[in-house]
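Chain by chain, the residues run as shown.
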Amino acid sequence: MPESSWNRTLKGMPEVGATAVRTRRTSARDVELFAEMTGDRNPLHFDAPAAARSPFGRLIVQGGVTSGLLNAVVAEDLPGPGTVFLSVEWRFVKAVGIGDEISARVTVTHVRADKPICTLATEIVNGAGEVCLTGTATTYTVPLRDPDHEA
């Protein structure tokens, strides 16, 4: 059987059930930077009086600010460096306010042995433990280890 590409990934093949979590507090700076990058200047993110009249009752961060924490988890922690999303299916079930603490969690639910592809359960919760985003993702981990320069 040929050698698995997992052997050339920086963290190797994860196990089903493995989890990783990252936590951070959102900020107005996050909203500004995301708007600068994407052009998303929805009044729900910038106009405090309008946001107060909305069902959310306050300024909220863009969905990309919320889901972006999952990018960091998969690219840095699990499966790890070199990992990109192939597909995601996410439901945004609770808005995240500016200043809220959020925690992104990924759990490996399936790993292909023949190539560095994983299926993950994904979730983001706020500081009160309320689910804000839930769903699944499929990832590919680029084999970054140089086989000619192994230690």
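Look a little higher up for the structure.
Residues numbered from 1 in each chain as written. Predicted model: local features only at pLDDT ≥ 70, side-chain atom pairs only at ≥ 80, totals over all residues. Heavy atoms only, no water.

Draft legend 1. How the structure looks around the environment of lysine 115. Mapped onto the fold, lysine 115 is located in the loop between β3 (101-111) and β4 (117-126). What makes lysine 115 partly exposed here is its relative accessible area of 35%. (Helix = DSSP H or I, 4+ residues; strand = E, 2+ residues; numbered from the N terminus. Buried < 20%, exposed > 50% of the residue type's maximum accessible area, 1.4 Å probe, protein only.)

Draft legend 2. Representation of the pairing of β3. Where strand β1 (residues 19-25) meets β3, seven bridges bridge the pair, whose relative direction is antiparallel. Across the sheet, residue valine 21 finds its bridge partner in β3, namely arginine 105. Remark: five residues form the turn of the hairpin made by β3 and β4, two consecutive strands paired antiparallel. (Pairing = 2+ DSSP bridges.)

Draft legend 3. Representation of the side chain of threonine 26 within the structure. Here threonine 26 shows up in the loop between β1 and α1 (28-38). When its relative accessible area of 4% is taken as the criterion, threonine 26 is described as buried. Looking at threonine 26, its side chain comes within polar contact range of the main-chain oxygen of glycine 97, at 2.8 Å. Engagement of the side chain of threonine 26 in a polar contact is seen with the backbone nitrogen of glycine 99, the distance being 3.0 Å. Discounting residues that sit within four places of it in the chain, threonine 26 has contacts with Val61, Val96, Gly97, Ile98, Gly99, Asp100 and Ile102. (Polar contact = N/O pair within 3.5 Å; in protein donor to acceptor, adjacent residues only side chain to side chain. Contact = heavy atoms within 4.5 Å.)

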